[in-house]
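Chains, contacts and geometry: an overview
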Amino acid sequence: VIAIIYAIYRQTIWDIGNPKISTMDHNPGKKEMKEFIKKIKIVELLKYGSVTAVSYIILYAGTYIMVEKFGISPNISYLILLTLVYVGVYISYTMFVFKEKFTRETFSRFVMALIFIWIFNNAFFYLLNKIFDVNYIIVITLNIFMFGGLRFLLQRFYVFKSSYDT
């Protein structure tokens, strides 16, 4: 996942508009990869992890309560709570993690990333829960591992990229 995001990052930052470099001919070296990894700030990563941990606790607890106490379908519960959690994390990421101002551009990038992750997250949940009959709590855990790192990289290098440039 990190390699895919890095390749997208390389394409969008350096290669667009430069006809001398094509992604087929350009293979980033170890030095460039180390520079990329250095751009990820440890404090930012810890704050992101804290906000994400709280959001997943809400997601676990809320889904459990909606399914077990109110009898709502796991798919519907997860869909509703994931949407609400994503709205909350946008506000938290903006104010606490990446310290960005609320702008229309940042919000539109967040919505694009949100739609991308939301679709794959819910499709994966549905596939494992409904088709393969895996317990919804296990599926939430798998989703965290599958999409957690991807979400951080999308947030850091796409949504809040102006804080990255500084």
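Residues numbered from 1 in each chain as written. Predicted model: local features only at pLDDT ≥ 70, side-chain atom pairs only at ≥ 80, totals over all residues. Heavy atoms only, no water.

What the protein chain contains, in helices and strands, is seven helices and zero strands. Element order for the protein chain, N to C, with α for helix and β for strand: α-α-α-α-α-α-α. Expressed as a percentage of the 166 residues in the protein chain, the buried residues total 39%. In the protein chain, of all internal contacts separated by at least 6 residues, the share reaching a separation of at least 24 is 69%. Total accessible area on the protein chain stands at roughly 10,200 Å², and carbon and sulfur atoms take up 71% of it. (Helix = DSSP H or I, 4+ residues; strand = E, 2+ residues; numbered from the N terminus. Buried < 20%, exposed > 50% of the residue type's maximum accessible area, 1.4 Å probe, protein only. Contact = heavy atoms within 4.5 Å. Areas by Shrake-Rupley, 256 points an atom, 1.4 Å probe, with all protein chains shown as cover.)

Membership of the largest hydrophobic core comes to 36 residues, with the highest contact counts inside it found for Leu 59, Tyr 93, Phe 98 and Ile 140. Those elements that place two or more of their residues in this core are helix 3 (42–69), helix 4 (74–97), helix 5 (104–131) and helix 6 (136–159). Ranked by residues supplied to this core, first place goes to helix 6 with 11 residues. (Core = buried A, V, L, I, M, F, W, Y, C linked by side-chain atoms within 4.5 Å.)

This part is about the confidence of the model for the protein chain. Per-residue pLDDT for the protein chain has a mean of 79; in total, 75% of the residues score no lower than 70. Mean pLDDT in the protein chain bottoms out at helix 1 (residues 2–15), which sits at 50, and peaks at helix 3, which reaches 90. Segment residues 11–25 is flagged for pLDDT under 50; beyond a separation of four residues in sequence, or across chains, it makes seven contacts in the model. (pLDDT = per-residue confidence, 0-100.)

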